[in-house]
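Observations on chain architecture
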Amino acid sequence: MKGQLKSARRVLLAAAAAIALLSGCKADIPLVSETSTTKAYTLPQSMVILATERNQYQRIYTSQIWGVDLPDGQTFETYLVDQVKEFLQEMKMMNLLARNKGVTLTSAEKEEVRKASEEYFDSLTADDISYMGATEEDVRTMYEEYYLSNKVVDELTKDMNLEISDSEAKVIVVEQIVLSDGTEAGDVLLKAGAEGADFSALAREYSEDGTIERQVGRGENPGPYEDAAFSLSAGQISQVVEDKGKYYIIRCVNDYDEDATQERKSGLYRKRKKEVFDQIYSQFKNENPVTFSSEIWKDVKFSKDDRTTTTNFFEIYKKYFSD
């Protein structure tokens, strides 16, 4: 089950990590006093996000999903509401932090937010508006705050060295023959090295692993196999490589898969930010305590008779702003 909320939350989590680092693990001044209780957003503002997620899931799984019990005793309905609450609390924290650091929207950015808000609000049906209780101003608030949660990442991490090199992210393509017996592996290697030998055909005939061709990323599985694979140029065949009780003969098909390397590079960059978050964000929140009220959520219930259908809040955001 995948909603737009998951990808949206990743942005906020990475942002919190980077900000905390640049703050030296301490905000300049407390954002909110320890004893205060605040709303993340009003109910209509919150419903803009909740309706989006509700309708995404219902479109895929039908309204029966709201009665599904999860292993921890929750229903899927209560689980989703909790996920949206957590997302909105994180987004509010990011906006408080942006304000603390003096990060604001420019007039040009506000104009793009206005356009996105107008397009989204115009796309809503009367039933959508009735269900959410939201005005165009509520929509604009949510777009502004979501955009600012993204902007604060760029503003406060632009001088940080989080980049991943091509060498770190490098992906190659190999073919392999996997055997349990070293002597047999040696015999197959002789056949593979013979003039005119068809390595792929030998792999299909002798390999004990049905996967013949595979991509290998630098650092994914350190050891003799990876060392041997990355030492090869395109077309070269390794010697027999013993690794974790198996014997491998490796042929390099492509010693630099550019598209796969760039994709992995992006993934490793996101992972690096996430790792920073895991180390720092908890401490950041402890040093800037905010207690969020849950009062607005107590009467939120989903019904198959709810006639809201909107699902495009994040799609319209992406149209105007690139993550």
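Scroll up to find the structure.
Residues numbered from 1 in each chain as written. Predicted model: local features only at pLDDT ≥ 70, side-chain atom pairs only at ≥ 80, totals over all residues. Heavy atoms only, no water.

1. Looking at the environment of Arg218
We count it as follows: Helix numbers and strand numbers start at the N terminus; a helix is a DSSP run of H or I with at least 4 residues, a strand a run of E with at least 2. The contact criterion used is simple: two residues touch if any of their non-hydrogen atoms lie within 4.5 Å.
Looking at the secondary structure, you find Arg218 in the loop between strand S3 (213-217) and helix H10 (224-230). Along the primary structure Arg218 and Glu168 are separated by 50 residues, whereas in three dimensions their C-alpha atoms are 6.2 Å apart. Sequence-distant contacts of Arg218, that is, excluding residues within four places in its chain, are made with Ser167, Glu168, Lys170, Glu226, Phe230 and Arg264.

2. Remarks on unusual backbone geometry
Our working rule: Three exposure classes are used, based on accessible area relative to the maximum for each residue type with a 1.4 Å probe and protein chains only: buried under 20%, partly exposed in between, and exposed over 50%.
Phi at Thr62 is positive, roughly 70°, even though this residue is not glycine. You can see Thr62 is positioned in the loop between helix H2 (43-61) and helix H3 (76-101). Relative accessible area serves as the criterion here: at 40%, Thr62 is assigned to the partly exposed category. The phi dihedral of Lys244 falls on the positive side, at around 55°, and the residue is not glycine. As for its position among the elements, Lys244 is in the loop between strand S4 (241-243) and strand S5 (246-254).

3. Comments concerning helix H9 (residues 199-206)
Basically, it comes down to this: Arc definition: it is the arc formed by the directions from the helix axis to the C-beta atoms. Polar contact is the term for a pair of N or O atoms within 3.5 Å; when the atoms are in protein, one must be able to donate a hydrogen and the other to accept it, and sequence-neighboring residues count only if both atoms are side-chain atoms.
Those residues of H9 lying buried are Phe199, Ser200, Leu202 and Ala203. Angularly, the buried residues of H9 cover 160° about the axis, an arc narrow enough to put them on a single face. For H9, exposure combined with an orientation more than 90 degrees from the buried face picks out Arg204 and Glu205. Turning to H9, the residues buried within the fold contact strand S2 (171-179), helix H8 (182-193) and S5. The N-capping residue of H9, defined by a side-chain oxygen 3.1 Å from the backbone nitrogen of Ser200, is Asp198.

4. What about the packing of aromatic side chains?
The condition is simple: Aromatic rings from Phe, Tyr and Trp, with only the six-membered ring used for Trp, were paired whenever their centres fell within 6.5 Å, and each pair was classed as stacked if the ring planes differed by under 30 degrees, edge-to-face if by over 60, and tilted otherwise.
Evaluation of the coordinates by the stated rule reveals 16 aromatic pairs. With a centroid separation of 5.6 Å and an interplanar angle of 45°, the aromatic rings of Phe76 and Tyr79 are classed as tilted. Highlighted residues: Phe76 and Tyr79, both in helix H3, separated by three residues, approximately one helical turn. Using a relative accessible area of 3% as the deciding quantity, one classes Phe76 as buried. Judged by relative accessible area, Tyr79 falls into the partly exposed class, the value being 28%. Ring geometry for Tyr120 against Tyr143: centres 6.2 Å apart, planes inclined by 90°, an arrangement best described as edge-to-face. With Tyr120 in helix H4 (residues 107-123) and Tyr143 in helix H6 (residues 136-157), this residue pair connects regions lying 23 residues apart in the sequence. Note on Tyr120: relative accessible area 0%, which makes it buried.

5. So, the nonpolar core
To keep things clear, this is the line we draw: We define the nonpolar core as a collection of buried residues of types Ala, Val, Leu, Ile, Met, Phe, Trp, Tyr and Cys that are connected through side-chain atoms lying within 4.5 Å of one another.
Counting residues in each nonpolar core, the largest one holds 51 residues, and the members touching the most others are Leu88, Tyr120, Met132 and Tyr143. With residues up to four places along the chain from it excluded, the contact list for Met132 reads Pro44, Met47, Val48, Ala51, Tyr120 and Leu124. Core analysis: the next-biggest nonpolar cluster, separate from the first, contains 13 residues, Ile172, Val174, Val178 and Ile250 among them.

6. Remarks on the pattern of salt bridges
Side chains that differ in sign of charge can pair as their charged atoms come close. Convention followed: Any Lys or Arg side-chain nitrogen located within 4 Å of an Asp or Glu carboxyl oxygen qualifies as a salt bridge.
In this structure the tally under the stated criterion is 14 salt bridges. The salt bridge involving Lys265 is made with Asp166; its shortest N-O contact spans 3.1 Å. Residue Lys265 is found in helix H11 (residues 258-287), and its partner Asp166 is found in helix H7 (residues 166-169); the two are separated by 99 residues along the sequence. Since its relative accessible area comes to 32%, Asp166 is described here as partly exposed. Here Lys246 ties to Glu208 by a salt bridge, and the two come within 3.7 Å at their closest N and O atoms. You can see Lys246 sitting in strand S5 and its partner Glu208 sitting in the loop between H9 and S3, a full 38 residues away along the chain. Residue class for Glu208 comes out partly exposed when judged on its relative accessible area of 46%. Here the salt bridges do not stand alone but share partners, grouping Glu111, Arg114 and Glu118 into one network.

Function-wise, these values are silent; they only describe arrangement.
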